[in-house]
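Listed here are the chains, written in short residue letters.
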Amino acid sequence: MSGILYIVATPIGNLEDITLRAIRILKEVDIIAAEDTRHTLKLLNHLEITKPMISYHRHNEEIKTDELIHQLLEGKNIALVSDAGTPVISDPGEEIVKVALEQDIKVTPIPGPCALITALIASGIDAKEFAFLGFLPLNKKNRKEKLIQIEKQEITSILYEAPHKLMQTLEDLVDITKQRKIVLARELTKIHEECIYGTAEELLNKIKEPKGEYVIIIEKNEKTEIQEEKEMLSKLTFEEHYHYYEKIGLNKKEIIKQIAKDRNVNKNEIYQKFINKA
Ligand code: SAM
């Protein structure tokens, strides 16, 4: 009979944030698959657990998935952990879960800390509905698409960000989020934990030297705001409408698609108007 693959959440800072069940599972399994074995060793030492470990990270995910699946099929129980928080969430794990399920191997989640939920519950921002977007893509086009998604999002948006990219991300958010409230939840569950509030522009002025890990929570775009934008756009000439999106950085194809959507007209009609545009 196959073993069980446990997806085990571990602390995002404070080592006390681990469940009794997670500790028991880490003690009971045959192998722990860890993103960074040295990092997980510190947690295991703290919990006084000695266990064989296999490294399982983004760069060896494919090869190690085969190896771990083989062990599971042999009847071994495996716990998958990441460096911090819940595996799979902006962390490795998705691949092995998929393959395990295809092979009828039981996958058991062991819930616990997750930075996005930890940040959201203390943010004071509407938590009824939210979209978690992970890290913003570095690729220009994909990043632009995500930013437009955030701009129009009528529910709370949540992002992860590394300290050295925080200022750039806030700069990108200034025009997109305007007066919407943003919460930067920093170093959660650690000594320097803090939440910093403001618009993107205010935050840019407040933060001098980003340090530690950040979750960015962005207030939703109120429907009225979208309606206001729609009204504003409907008053523009085609030419002005084109320049509006050009300024945001969309290319010709994207602009035409967007104008057609805004004005509820056929793309070809718009295309004919701008056929000679660079
Ligand atoms: N799997 C993790 C989880 O469950 O939240 C996320 C891993 S992802 C690679 C790392 C990102 O999570 C960091 O860049 C930061 O945005 C966020 N993060 C992790 N720990 C955090 C903490 N203690 N405080 C604030 N953000 C944190």
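The preceding data block contains the structure.
Summarised in this report is the structure supplied together with it.

1. A look at the packing of aromatic side chains
In step 1: Inspection of every chain in the model, using the stated rule, returns three aromatic pairs.
In step 2: Ring geometry for F132 versus Y160: centroids 4.8 Å apart, planes at 65°, classification edge-to-face. Placement of the pair is F132 in strand β6 (residues 130–135) and Y160 in strand β7 (residues 156–161), with a sequence separation of 28 residues.
In step 3: Judged by relative accessible area, which is 28%, F132 ranks as partly exposed.
In step 4: Plain terms: the ring middles of Y244 and Y245 are 5.1 Å apart, the flat faces sit at 75° to each other, and that makes the pair edge-to-face.
In step 5: Members of the aromatic cluster, connected to one another through ring pairs, are F132, F135 and Y160.
In step 6: The ring centre of F238 lies 4.2 Å from the NZ or CZ of R263, which sits over that ring.

2. Considering helix α6 (residues 140–152)
In step 1: With 13 residues, α6 extends 19 Å between its outermost C-alpha atoms, agreeing within 8% with the 18 Å of an ideal straight helix rising 1.5 Å per residue.
In step 2: Of all the positions in α6, only R143, L147, I148, I150 and E151 are classed as buried. Down the axis of α6, the sector holding all buried residues measures 160°, keeping them to one side.
In step 3: Two or three places before K141, at the start of α6, stands the capping residue N139, its side-chain oxygen 3.0 Å from that residue's backbone nitrogen.

3. What to know about the site of the ligand
In step 1: The ligand sits among 19 residues. The nearest are T86, I89, A115, Y160 and Y214.
In step 2: Taking I89, its main chain carries an N or O atom lying 2.8 Å from a nitrogen atom of the ligand.
In step 3: The backbone of A115 places a nitrogen or oxygen atom 2.8 Å from an oxygen atom of the ligand.
In step 4: Relative to its unbound accessible surface of 570 Å², the ligand loses 92% to contact with the protein.

4. Topic: the sheet that holds strand β9 (residues 194–198)
In step 1: Spatial ordering of the open sheet is given by β6-β7-β10-β8-β9, a layout of five strands whose pairing is mixed. Pairing within the sheet leaves two strands with one partner each, and these edge strands are β6 and β9. Taking the axes of each pair of neighbouring strands and ignoring which way they run, one obtains an average angle of 20° across the sheet.
In step 2: In this structure, β6 lies alongside β7, joined through four bridges in parallel fashion. Bridge pairing in β7 places A131 opposite S157.
In step 3: Across the sheet, α6 lies against β6, β7 and β10 (214–218), angled at about 155° from β6, the strand it touches most.

5. Some details on the nonpolar core
Nonpolar side chains in soluble globular proteins tend to end up buried together.
In step 1: The biggest cluster of nonpolar side chains holds 19 residues, and the ones touching the most others in it are I150, L173, I182, L184 and I216.
In step 2: When residues of this core are traced back to their parent elements, those giving at least two are α6, α7 (163–177), β8 (182–186), α8 (200–206) and β10.
In step 3: The leading source of residues in this core is α7, at four residues.
In step 4: In this view, I150 contacts L133, L136, S157, L159, L173, I176, T177, R180 and I218; residues no more than four positions away in its chain are not counted.
In step 5: Listed in part, the 18 residues of the second largest apolar core include I18, I25, V29 and I32.

6. Concerning unusual backbone geometry
In step 1: Although it is not a glycine, K178 adopts a positive phi angle of roughly 45°.
In step 2: Tracing the chain through its elements places K178 in the loop between α7 and β8.

The rules behind each value
- Residues numbered from 1 in each chain as written.
- Predicted model: local features only at pLDDT ≥ 70, side-chain atom pairs only at ≥ 80, totals over all residues.
- Heavy atoms only, no water.
- Phe/Tyr/Trp six-rings, centres within 6.5 Å; stacked < 30°, edge-to-face > 60°.
- Helix = DSSP H or I, 4+ residues; strand = E, 2+ residues; numbered from the N terminus.
- Buried < 20%, exposed > 50% of the residue type's maximum accessible area, 1.4 Å probe, protein only.
- Lys NZ or Arg CZ within 6 Å of the ring centre and 35° of its normal.
- Expected span 1.5 Å × (residues − 1).
- Arc of directions from axis to C-beta.
- Polar contact = N/O pair within 3.5 Å; in protein donor to acceptor, adjacent residues only side chain to side chain.
- Near = heavy atom within 4 Å.
- Areas by Shrake-Rupley, 256 points an atom, 1.4 Å probe, with all protein chains shown as cover.
- Pairing = 2+ DSSP bridges.
- Axes fitted to C-alpha atoms, helices over the stretch in contact; angles between N-to-C directions.
- Contact = heavy atoms within 4.5 Å.
- Core = buried A, V, L, I, M, F, W, Y, C linked by side-chain atoms within 4.5 Å.

From the geometry alone we can't say anything about function, so treat these as descriptive.
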